[in-house]
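Fold and geometry: a report
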Amino acid sequence: MVNKIKLGVRVFSFRNTKTLEDAIKTIVKIGADAFDVTASMTIKGYPWPSEQMIEYVTGLCSQYKVKLISYDGNVDLGMRCDRRLTEDEMFGYALNDIYYAHRFGAEVHRIQWLLPPSVLARLAPYAEAYDVKAGVEIHSPLIPSSPAVKAYVRMFEKAKSNYIGLIPDFGSLADRPIKFFVDDAMRTGTKTEIMDCMIDGINNKLPESRIEKQIRKMGATEQDVAVLHHPMFHQWEAESDLEGLKDILPYCIHFHGKFFGFDEDGNDINIPVGKILPIIRDFGYDGYIASEYEGNKFTSADPVDQIVKQRALYQKILESCD
Amino acid sequence: MAENQILAPKAIHDDGLSNYCVNGKVIGYILKVYLNYYRSLELSCIEKLALTVDGKAVDSHNITFCINGKRFMISQLKDLFAEYWSLETPAELIVMSPTGLSKGDHEVTFTLILRVPYIIPGHTIDTMWKDFKNQEFWRWDNSGTMTVTVLEK
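Just so it is clear, the model here is predicted, and its values are computed rather than measured. (Residues numbered from 1 in each chain as written. Chains lettered and ligands numbered in written order. Predicted model: local features only at pLDDT ≥ 70, side-chain atom pairs only at ≥ 80, totals over all residues.)

Comments concerning the overall build of chain B
Within chain B, the regular secondary structure consists of one helix and twelve strands. The 153 residues of chain B split such that 30% are buried. Long-range pairs, those at least 24 residues apart, make up 78% of the contacts in chain B with a sequence separation of at least 6. (Helix = DSSP H or I, 4+ residues; strand = E, 2+ residues; numbered from the N terminus. Buried ≥ 20, exposed ≤ 12 C-beta atoms within 10 Å, placed from the backbone. Contact = placed C-beta atoms within 7 Å.)

Here it is in structure tokens:
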């Protein structure tokens, strides 16, 4: 199958160790021509960037001959001290973000997973008016087959709009825990038998409350319990949801190539990209997968080196015949 | 150009503490604090902000939180969901104090607890949309104690 997938880079990978201009220079140097920005991190003035900022970023894109693929927003459901945002308010914030995505020349606007399907449906005609595709990111602990994702799919089938869709983050397809996180926990006191019990429990889809009871019976410390409930821990399924991925491909407008690092053999440490990439390729997807390095929480590896390695791995997989 | 700044890896820099002079007189001191997070946040996400300098708690009524060209009371912050603490510019906390701070080292304990407005631990997406009363967002304790030097009186 001919590969039509293009590879971009998410500036998020560098956290705040580079200016935007340096990040773009780096991206060009490693051979990419497209990037994503997480606006609340990189674009001063978010959610209402200045005209000067718009000129600056679009100027960088012209100067370095790169494309901005995704302008990412945030759904800050808990921004108020007294209550959550209403659906109308989430709509308003997302509409504002879509406007700025358009101003920055982005093709895609990433919306966080807190925005319900009904609100995404309401955004469709506005996304079309601004010529920006708006997608909800499928981020762990969601997987493609989650009931919440199916709710989006049911809505897409009714809405029939090319301007709304999904953005799977590869972390939602992880099939084991992040080795660095496990190693850190054990290095700082979590015993092997407790860790094994937690990993077993998550593999068997036990509720966290039940796993917590089990490990407390085994003498778990408060640190162990904190590990269990940590958002970076329970981010995998025993089997990567590849069938679920196939079902949602018609609605995917962008992908985040999330990764944490590589093992000694050069394989991704927790995401089976060897199986995931051919599925996306063989569907005929012709958009971007944007590398997102997140190992900086755990190791001092150079994000740039890691992304170069990942791009080479992705190219190798995409160009191989199954 | 401000857009080209490398962002601060820590909240308080070496030049983060200085005296505040009006009409040639020291009437307080200024602590510059960068948001020590990976993205900007609404000021209303500040759940707790407090300051202790050289072992003495500062009365929050004596603190003015200056940001984005505006000056706020600590008690106002919780309602400021349209005002953002972004990463590249520090907030300036002006503390009114008749003596200011002597030249040299001072121990500053900065208490900052943030509500992370897009993470609800323990809920999955499947339960979140059904449960609008419960608002238990992730809390991020950004507090710390550090020695900061006042370079001149």
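Moving on from the model shown.
Some words on the overall build of chain A
If you tally the helices and strands in chain A, you get 13 helices and eight strands. The C-alpha atoms of chain A give a radius of gyration of 20 Å, which matches the 20 Å a tight globule of 322 residues would have. Expressed along its principal axes, the backbone C-alpha trace of chain A runs to roughly 60 × 45 × 40 Å. Within chain A, the fraction of its 322 residues that count as buried is 45%. Counting contacts in chain A only where the partners sit at least 6 residues apart, residues at least 24 apart contribute 81% of the total. (Rg over C-alpha atoms; globule rule 2.2 N^0.38 Å.)

Details of the pairing of strand E1 (residues 6-10) of chain A
All names here are of chain A. Burial within E1 is extensive, with four of its five residues counted as buried. Bridge analysis of E1 against strand E8 (residues 288-293) gives four bridges, and the strand direction is parallel. Across the sheet, residue Lys6 finds its bridge partner in E8, namely Tyr288. Sheet topology note: the E1/strand E2 (residues 34-38) ladder contains two bridges and is parallel. Residue pairing for E2: Val9 is matched across the bridge by Phe35. For the crossover that starts at E1, traverses helix H1 (residues 20-29) and ends in the parallel E2, the hand is right-handed. (Pairing = 2+ DSSP bridges. Right-handed = clockwise from strand over helix to strand, strands pointing away.)

A few points about the sheet that holds strand E2 (residues 25-33) of chain B
All names here are of chain B. Taken in spatial order, the five strands make up an open sheet running E1-E2-E9-E6-E7, and their pairing is antiparallel. Looking along the sheet, the strands with just one partner apiece sit at the ends: strand E1 (17-22) and strand E7 (70-73). Across this sheet, the average inter-strand angle for adjacent strands is 30°, counted without regard to direction. Sheet analysis places strand E6 (residues 63-67) next to strand E9 (residues 91-96), joined by four bridges and oriented antiparallel. The residue bridging Ile63 from the neighbouring strand is Val95, located in E9. (Axes fitted to C-alpha atoms, helices over the stretch in contact; angles between N-to-C directions.)

Focus: the domain arrangement of chain A
With domains assigned, chain A is organised as domain 1 (6-177 + 238-319) and domain 2 (179-229). Partitioning the side of domain 1 of chain A that touches domain 2 of chain A into residue classes produces five nonpolar, four polar and no charged. (Domains from an automatic or database assignment. Nonpolar A, V, L, I, M, F, W, Y, C, P; charged D, E, K, R; others polar.)

Here's the deal with the nonpolar core
Residues and elements named next belong to chain A. Residues Leu115, Leu123, Ala127, Ala134 and Leu166 are the most contacted members of the largest nonpolar core, which totals 123 residues. A total of six residues in this core trace back to one element, the largest contributor, which is helix H4 (residues 87-103). Domain assignment of the residues forming this core places at least three in each of domain 1 (6-177 + 238-319) and domain 2 (179-229). The residues touching Leu115, leaving out its near neighbours within four places in the chain, are Val75, Met90, Ala94, Leu120 and Val136. (Core = buried A, V, L, I, M, F, W, Y, C linked by C-beta atoms within 7 Å.)

Looking at the environment of Lys29 of chain A
Residues and elements named next belong to chain A. You can see Lys29 is positioned in helix H1. For Lys29, a count of 10 C-beta atoms within 10 Å puts it in the exposed group. For Lys29 and Glu193, which are 164 residues apart along the polypeptide, the C-alpha to C-alpha distance reads 46 Å.

Some details on the packing of H4 of chain A against helix H5 (residues 117-129) of chain A
Between two packed helices, what matters for the description is the angle formed by their axes and the separation of those axes. Residue and element names in this part refer to chain A. Two numbers describe how H4 lies on H5: the axes approach to 10 Å, and their chain directions differ by 35°. Crossing hand, H4 versus H5: right-handed. Residue-level contacts link Glu87, Met90, Phe91, Ala94, Leu95 and Ile98 of H4 to Ser118, Val119, Arg122, Leu123, Tyr126 and Ala127 of H5. A per-class count over the contact of H4 with H5 returns nine nonpolar, one polar and two charged. (Left-handed = near helix turned anticlockwise from the far one by under 90°.)

A short note on unusual backbone geometry
Residue and element names in this part refer to chain A. At the junction of Tyr46 and Pro47, the peptide bond is cis and its omega measures out at 5° in the coordinates. The residue Pro47 is located in the loop between helix H2 (39-42) and helix H3 (51-64) in this model. Cis geometry is found at the peptide bond from Ser140 to Pro141, where omega equals 10°. Residues other than glycine seldom take positive phi values, yet Lys205 does so here, at roughly 55°.

So, the sheet that holds strand E5 (residues 133-138) of chain A
Residues and elements named next belong to chain A. What the eight strands build is an open sheet, ordered E6-E5-E4-E3-E2-E1-E8-E7; its pairing is parallel. Strands with a single pairing partner mark the edges of an open sheet, and in this sheet they are strand E6 (164-168) and strand E7 (255-259). Averaged over neighbouring strand pairs, the angle between their axes works out to 30° when direction is ignored. Inspection of the sheet shows E2 paired to strand E3 (residues 67-72) by five bridges, in the parallel sense. Within the sheet, the bridge partner assigned to Val37 lies in E3 and is Tyr71.

What to know about the packing of H5 of chain A against helix H6 (residues 147-159) of chain A
All names here are of chain A. Relative to each other, H5 and H6 sit at 30°, their axes nearing to 9 Å. Taken together, the axes of H5 and H6 are roughly parallel relative to one another. Considering only the axes of H5 and H6, their crossing is right-handed. From H5, Pro117, Leu120, Ala121 and Ala124 reach across to H6, where they touch Ala151, Tyr152, Met155 and Ala159. (Parallel < 35°, antiparallel > 145°, perpendicular 65-115°, else oblique.)

With respect to the pairing of E7 of chain B
Residues and elements named next belong to chain B. Of the strand pairs in this sheet, E6 and E7 are connected by four bridges, and their pairing is antiparallel. By the bridge assignment, Cys66 is partnered in E7 with Arg71. Hairpin connection between E6 and E7: a loop of two residues separates the two successive antiparallel strands, and Asn68 in this loop has a positive phi of roughly 55°.

What to know about H1 of chain A
Residue and element names in this part refer to chain A. Of all the residues in H1, the buried ones are Leu20, Ala23, Ile24, Thr26 and Ile27. On an axial view of H1, the arc spanned by its buried residues comes to 160°, and they lie on one face. Against the buried residues of H1 lie E1, E2, H2, H3 and helix H13 (303-319). In the segment just after H1, Gly31 is the residue with positive phi, at about 100°. (Arc of directions from axis to C-beta.)

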